[in-house]
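# Understanding the architecture of this molecule
Each chain, letter by letter, is given below.
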Amino acid sequence: MIRYVLIRLLRAFVTILAVLTFAFIVLRMSGDPAQVMLGPDVPEESLRAFRVAWGLDQPLWVQYLAYMKSIFTGDFGVSMRDKASAIQLVVERIPATLQLTIPALLLKLVIGIPAGVYAALHRQSVIDRGVIFGAILGFTIPSFVMGLLLVLIFSITLGLLPSGGQDTWQHGILPTLTMSIGGIGILARFSRSAMIEVMSQPFIRTASAKGLKWNDVVWTHALPNAAVPIVTIVGFMVGSLIAGAVVVESIFSWPGIGRLLVVSVTNRDLAVVQCILLVIAAAMVISNLVVDLLYGWLDPRLRSQSGH
């Protein structure tokens, strides 16, 4: 088990390093921060002074080594726009993002998994067909389209909920729904498929033949074996929640790190963008690491394959 964990930790470290390297190169190839920050009509002397002040006049490999050295020493850089610590700006926005992502995740789990399991246990019923239709509709509509539809219905047409901002708890309803509807559909489909596959296995028929109650067969034998593929998709959702907040926070003017990322990319605020991408990559890698560890716990056979 120790070797299994160490291999996963090494893979997590390599993944984060690869993401940071890719982001560093792409950001510096996508435009000149000096031109964006100072404007197109600024004299060349001012642009040159800006590049020197922020180390942008150095060769790319020198900038990369300096960036990696600062990351490993806990220095995440300073915002070119706000002249403040990049990590501080990001940390200040995390609570707002969590106000959306945590309720959205809970809605996905509380609604998606039970709906899928119930549909699997009542195949070909009206409820099963309804779950399938709702799931397909939910995860095929892009989040930005879903957000605009919810605003059109509940804010503009009915006037029940605000269309943007963060002033009251009601402002969080529409963005939370926007982030959760697609995930509910995906979880429902995966849960249904996993349960149908498990329920067709011989050990389920054997358990039923032994005289076990139906509820015991489902809860003791079926659900634990269906948990592995469900854990996979849940782990992916947890890791992608912050990344998914980028679109939703922009639509609803929600002051989280997703909206900060859009503003920082527009302004070529390199340190802030790199810091946010590090947070997103870390969240996804950590969630996948937890999923791997849960795999080893749910199915001990996987631990013997950890070296392959």
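All figures in this text were calculated on a predicted structure; none of them were measured in a lab.

Cut-offs applied
Residues numbered from 1 in each chain as written. Predicted model: local features only at pLDDT ≥ 70, side-chain atom pairs only at ≥ 80, totals over all residues. Heavy atoms only, no water. Helix = DSSP H or I, 4+ residues; strand = E, 2+ residues; numbered from the N terminus. Buried < 20%, exposed > 50% of the residue type's maximum accessible area, 1.4 Å probe, protein only. Areas by Shrake-Rupley, 256 points an atom, 1.4 Å probe, with all protein chains shown as cover. Arc of directions from axis to C-beta. Contact = heavy atoms within 4.5 Å. Salt bridge = Lys/Arg side-chain N within 4 Å of Asp/Glu carboxyl O. Expected span 1.5 Å × (residues − 1).

What follows concerns the overall build of the protein chain. The number of helices and strands found in the protein chain is 12 helices and 0 strands. Overall, the protein chain shows an N-to-C arrangement of helices and strands of α-α-α-α-α-α-α-α-α-α-α-α. Projected onto its principal axes, the C-alpha coordinates of the protein chain cover approximately 85 × 55 × 25 Å. The buried share of the protein chain, taken over its 308 residues, is 37%. Carbon and sulfur atoms provide 68% of the accessible area of the protein chain, an area that totals close to 16600 Å².

Bringing the environment of Leu 137 into the picture now. You can see Leu 137 is positioned in helix α6 (residues 126-140). For Leu 137, a relative accessible area of 45% corresponds to the partly exposed category. For the pair Leu 137 and Leu 106, spaced 31 residues apart in sequence, the C-alpha separation works out to 20 Å.

This part takes up helix α3 (residues 44-53). Since there are 3.6 residues in each turn of an α-helix, residues three or four apart along the chain are aligned in direction. Every buried residue of α3 is accounted for by Leu 47, Phe 50 and Arg 51. An end-on view of α3 places all buried positions within 95° of arc, on one side of the element. Counted as exposed and oriented over 90 degrees from the buried face of α3: Glu 45 and Ala 53. The elements touched by buried residues of α3 are α2 (33-38). One or two steps after α3, the chain reaches Gly 55, where phi turns positive at roughly 75°.

By the secondary structure assignment, Arg 259 is in helix α11 (residues 257-266). Here Arg 259 falls in the partly exposed class, since its relative accessible area comes to 34%. Taking the C-alpha atoms as reference points, Arg 259 and Ala 222, 37 residues apart in sequence, are found 42 Å from one another. If we skip the residues at most four places from it in the chain, Arg 259 touches Glu 249, Ser 250, Ser 253 and Trp 254.

Next up on the list: unusual backbone geometry. The phi dihedral of Lys 83 falls on the positive side, at around 60°, and the residue is not glycine. In this structure, Lys 83 sits in the loop between α4 (60-72) and α5 (86-121). A relative accessible area of 55% places Lys 83 in the exposed class. In this structure, Gln 124 is a non-glycine residue whose phi angle is positive, near 70°. Along the polypeptide, Gln 124 turns up in the loop between α5 and α6.

This part takes up the pattern of salt bridges. Side-chain pairs of opposite charge can arise whenever the charged atoms involved come near each other. Summed over the entire model, instances satisfying the criterion amount to 3 salt bridges. As a salt-bridge pair, Arg 81 and Asp 82 come within 3.7 Å of each other at their nearest N and O atoms. Classification of Arg 81 as partly exposed rests on a relative accessible area of 47%. For Asp 82, a relative accessible area of 39% gives the class partly exposed. Close ionic contact of Asp 128 with Arg 192 constitutes a salt bridge, the shortest N to O distance being 2.7 Å. Taken together, the residues span a long stretch of sequence, with Asp 128 in helix α6 and Arg 192 in helix α8 (residues 173-199) at a distance of 64 residues. Relative accessible area serves as the criterion here: at 12%, Arg 192 is assigned to the buried category.

Turning our attention to the environment of Ser 193. With respect to the helices, strands and loops of the structure, Ser 193 is situated in helix α8. Classification of Ser 193 as partly exposed rests on a relative accessible area of 40%. For Ser 193 and Leu 137, which are 56 residues apart along the polypeptide, the C-alpha to C-alpha distance reads 17 Å.

In this model, α6 (15 residues) spans 21 Å end to end at C-alpha, consistent with the 21 Å of a helix rising 1.5 Å per residue. For α6, every residue scored as buried is listed here: Asp 128, Val 131, Ala 135 and Gly 138. Looking straight down α6, one finds that the buried residues subtend no more than 100° of arc, so they occupy a single side. Residues of α6 that are exposed and angled more than 90 degrees away from the buried face: Val 126 and Phe 133. On the buried face of α6, the contacting elements are α5, α7 (143-157) and α8.

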